[in-house]
Amino acid sequence: MQYVDGIANISSIDKKKIFENALNRRIHDMSMPPGSAIDEIALCKEFGLSRSPVREALRQAAGEGYIEMAANRAPRVSPITADSFKRFAQAARMLYVATAHLAATTATERNIANLQSLHKHIAIAGHAANHQAGVLLECALLFEIGQMAGNHYLTPSLKRLLIDHARIQGLIYRWQSVSDATCDALWFVSHYARLIFAVEHHDTDHASSTSDEIARRILERVEAYSTSNQMIREDAN
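The present account deals with the structure reproduced in this document.

What counts and what doesn't
- Think of each chain on its own: its residues are numbered from 1, step by step along the sequence as written.
- Under the rules for a predicted model, residues below a pLDDT of 70 receive no local features and side-chain atom pairs below 80 are neither given nor counted, while totals for whole chains, interfaces and linings still include all residues.
- Heavy atoms throughout the structure, all of them, feed into the side-chain values; hydrogens and water do not.
- Where helices are involved, their axes are fitted lines through C-alpha atoms of the stretch in contact, as for all axes, and angles between N-to-C directions lie from 0 to 180°.
- Helix and strand definitions here come from DSSP, where helices need a minimum of 4 consecutive H or I residues and strands a minimum of 2 consecutive E residues; each element is numbered from the N-terminal end.
- Oblique is the label for any angle not covered by the other classes, which are roughly parallel (under 35 degrees), roughly antiparallel (over 145) and roughly perpendicular (65 to 115).
- Each crossing is labelled by how the near helix is turned from the far one, with a counterclockwise turn of less than a right angle marking it left-handed and a clockwise turn marking it right-handed.
- Here, two residues are considered to be in contact whenever any of their heavy atoms come within 4.5 Å of each other.
- In the scheme used here, Gly and all other residues not listed as nonpolar or charged are polar, with Ala, Val, Leu, Ile, Met, Phe, Trp, Tyr, Cys and Pro taken as nonpolar and Asp, Glu, Lys and Arg as charged.
- For two strands to count as paired, DSSP must find a minimum of two bridges between them.
- Polar contact is the term for a pair of N or O atoms within 3.5 Å; when the atoms are in protein, one must be able to donate a hydrogen and the other to accept it, and sequence-neighboring residues count only if both atoms are side-chain atoms.
- A carboxyl oxygen of Asp or Glu within 4 Å of a side-chain nitrogen of Lys or Arg is what we treat as a salt bridge.
- Think of it in three bands: with a 1.4 Å probe and only protein chains considered, a residue is buried below 20% of the maximum accessible area for its type, exposed above 50%, and partly exposed in between.
- Centre distance within 6.5 Å is the pairing criterion for rings of Phe, Tyr and Trp, where only the six-membered ring of Trp is used; planes under 30 degrees apart are then read as stacked, over 60 as edge-to-face, and the remainder as tilted.
- Whether a charge sits over a ring depends on NZ of Lys or CZ of Arg being within 6 Å of the ring centre and within 35 degrees of the ring normal.

Here we come to the packing of helix α7 (residues 131-149) against helix α9 (residues 178-200). Look at α7 against α9: their axes get within 12 Å of each other, and the N-to-C directions meet at 20°. Here α9 runs roughly parallel to α7, going by the angle between their axes. Note on packing geometry: the crossing formed by α7 with α9 is left-handed. Taking contact as the criterion, the partners of His131, Glu138, Leu141, Leu142, Ile145 and Met148 in α7 are, on α9, Ala181, Thr182, Ala185, Phe188, Tyr192, Leu195, Ile196 and Val199. Grouping the constituent residues of the contact of α7 with α9 by class yields 11 nonpolar, two polar and one charged.

Okay, here's the thing in structure tokens:
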């Protein structure tokens, strides 16, 4: 109720944008778990919106891959299945390398300043073992690189991929030991620094190869997590 009171005087357009951002963030950080039902009425009350703008925002989120909508069923957060891990790892390598290569050809001083600012916060999160924040910042950095690439065919795929990047990387960090999670986080910090350096100097070869290294490290993490969970399921049976 306090939240509703706090936004009571905000225009309906602003409230809708606040709702859209909150919905996306909650799906990314899994405070709305994969596969969970979405209570539209509760969201209307929380954000001080009528049913119509909430439904419109949910349809947009469905189009972007955040949620699933079907007739006669409550909307649900897009699930993460065993197959999701495999498809994510395959697509990540292709998209991250392609966008990094293109970004290295178009990078401006302003672009690099944005990347460096994001990287600074990724490093802070990594050293503080705040892996959830680090993952969301990674997604922001990768999306910024995608925007720099300037290819409207790649952008929709990248946006969809980053939804699962945030969720899958987050799941893996939660599963890992503290030491392994910290080691991986700091590895990504150093390699994102290398990627930014390559992009800044318009070095397409090193931008592509560094991005490929990052994608392969993500694939290794996905395979380790999937193997571990498969063993747990087999033991349970």
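Both faces of the sheet carry side chains from a regular strand, because those side chains alternate between them. In terms of strand pairing, strand β1 (residues 67-70) meets strand β2 (residues 73-77) through three bridges, oriented antiparallel. Paired with isoleucine 67 across the strands is valine 77, a residue of β2. Taking the residues that link successive antiparallel strands as the turn, the β1-β2 hairpin has two residues, and the phi of asparagine 72 there is positive, at about 60°.

Its place among the elements puts serine 36 in the loop between α2 (12-28) and α3 (40-47). One polar contact links the side chain of serine 36 to the main-chain carbonyl oxygen of proline 33, over a distance of 2.6 Å.

Moving on: the pattern of salt bridges. Tallying each qualifying case throughout the model produces 16 salt bridges. For arginine 93, the salt bridge identified is with aspartate 212, shortest N-O distance 2.5 Å. Highlighted residues: arginine 93 in helix α5 (residues 82-106) and aspartate 212 in helix α10 (residues 204-236), separated in sequence by 119 residues. As a salt-bridge pair, arginine 167 and aspartate 164 come within 2.7 Å of each other at their nearest N and O atoms. With a gap of three residues between them, arginine 167 and aspartate 164 both fall in helix α8 (residues 154-175), about one helical turn apart. Assigned by exposure class, arginine 167 and aspartate 164 land together as buried. Here the salt bridges share partners, and the residues they tie into one network are Lys16, Lys17, Glu20 and Glu56.

To continue, consider the packing of aromatic side chains. How two aromatic rings sit relative to each other is set out by the distance from centre to centre and by the angle between their planes. For the coordinates displayed, the defined rule picks out five aromatic pairs. Clustering of aromatic rings is evident, with ring pairs tying together Phe85, Trp175 and Tyr225. We note arginine 221 situated over the ring of tyrosine 173; from NZ or CZ to the ring centre the distance is 4.2 Å.

This part covers unusual backbone geometry. Its identity as a non-glycine residue notwithstanding, asparagine 72 has a phi of 60°, on the positive side. When you line up the elements, asparagine 72 lands in the loop between β1 and β2. According to the relative accessible area criterion, asparagine 72 is exposed, its value standing at 85%. A positive phi angle is found at histidine 202, which is not glycine, with a value near 55°. Structurally, histidine 202 can be placed in the loop between α9 and α10. Given a relative accessible area of 44%, histidine 202 falls into the partly exposed group.

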